[in-house]
Amino acid sequence: MRILMTGAAGGVGTHLRPRLAREGRVLRLLDIVPVEPGPGEEAMTADVTDPDAMTKAMDGVDAVLHLGGHSLEQPWADILQVNINGTYVLLEAARKAGVRHVVMASSNHAVGFHPRMAEAPDYLFPRPDTFYGVSKVTLEALGSLYHDRYGLAVTCLRIGSCFERPKDTRMLSTWLSPDDCARLVEAALVADGFHIVWGISANTRRWWSLDEARAIGYEPKDDSEVYAEEVIARYGELDPGDIAYSLLGGTFCRPELHVDNLGR
Ligand code: 15L
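Residues numbered from 1 in each chain as written. Predicted model: local features only at pLDDT ≥ 70, side-chain atom pairs only at ≥ 80, totals over all residues. Heavy atoms only, no water.

Student: Describe the packing of aromatic side chains, and please don't skip the residues or the numbers.
Tutor: All told, the structure shown has 6 aromatic pairs when counted by the stated rule. Centre to centre, the rings of Trp76 and Phe131 are 5.3 Å apart; their planes meet at 70°, and the pair counts as edge-to-face. Placement of the pair is Trp76 in helix H3 (residues 76-97) and Phe131 in helix H4 (residues 131-150), with a sequence separation of 55 residues. Here Trp76 falls in the partly exposed class, since its relative accessible area comes to 37%. Note on Phe131: relative accessible area 29%, which makes it partly exposed. With 6.1 Å between their ring centres and 50° between their planes, Tyr132 and Phe252 make a pair best called tilted. Remark: Phe252 occurs in the segment after helix H9 (243-246) and Tyr132 occurs in helix H4; sequence separation between them is 120 residues. Phe252 carries the same exposure label as Tyr132, and that label is buried. An aromatic cluster is built from Trp198, Trp207 and Trp208, whose rings are joined through pairwise contacts. A cation sits over an aromatic face here: Arg95 above Tyr150, 4.5 Å from the ring centre. (Phe/Tyr/Trp six-rings, centres within 6.5 Å; stacked < 30°, edge-to-face > 60°. Helix = DSSP H or I, 4+ residues; strand = E, 2+ residues; numbered from the N terminus. Buried < 20%, exposed > 50% of the residue type's maximum accessible area, 1.4 Å probe, protein only. Lys NZ or Arg CZ within 6 Å of the ring centre and 35° of its normal.)

The following block contains the structure:
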């Protein structure tokens, strides 16, 4: 089995590479910056918005894991080209190559302006908090289209915060451990149909449902609670009046994230 991983040099890609390694599996690592392949890996330096390069990248591929694109807020033109057009180019190349399964990194920021709730349901209606969030809504919409129109199996992961450990108090709720991320990706890589699932660990303080992710076979094993004492001692409890606590997207919802303030 050959899996094409876009955005392989990024944070999530770097966590996943060793965790997705399997006997008989080849990971084709694609990124805009060069990546050094290890055993069981092959690498390709390419831009996801380049249709010819993406056609080549799909050759002999059974499944795609799309992590490429901007992972934070950027000016509209960059989001449009890299995240939105890049996802279209990728899906189009996958369809033409007859790739069966596509797993894509969406984000909690697709729904970031929803108020925090005890357990937000799966398939929560889009309420993006940034242009970046809009691009994740579009990614989900494109995935839905390519499933319904062309029959691709597509799973979109509304990832919370995928880091080695929670970096602040909000992440006690939104954390996805790298090991659980790999478990979720493994389940998604063989899921049929179209799904949008939350990408979080089994955090005691989680704000989001795990039902749909469990329905495709994800069994999270980690819980951020083991870090709670240390994180709270350092950062304190979340202030209920703060956007970081009252809205799902946290600080991405802050007015100062307006694109005029991004230095361009
Ligand atoms: C995301 O979508 C970002 O890519 C990541 O850097 C984190 O900030 C994460 O969301 C989050 O909400 O913690």
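Student: Break down the site of the ligand for me, with residues and values.
Tutor: Within the structure, the ligand sits among Ser71, Leu72, Ser107, Asn108, His109, Tyr132, Gly160, Ser161, Arg170 and Phe252. One nitrogen or oxygen atom from the side chain of Ser107 is found 2.8 Å from an oxygen atom belonging to the ligand. Within the side chain of Asn108, an N or O atom sits 3.0 Å from an oxygen atom of the ligand. Protein contacts shield 82% of the accessible area of the ligand, which totals 310 Å² for the unbound molecule. Here the shell around the ligand is composed, by residue class, of 3 nonpolar, 6 polar and 1 charged. (Near = heavy atom within 4 Å. Polar contact = N/O pair within 3.5 Å; in protein donor to acceptor, adjacent residues only side chain to side chain. Areas by Shrake-Rupley, 256 points an atom, 1.4 Å probe, with all protein chains shown as cover. Nonpolar A, V, L, I, M, F, W, Y, C, P; charged D, E, K, R; others polar.)

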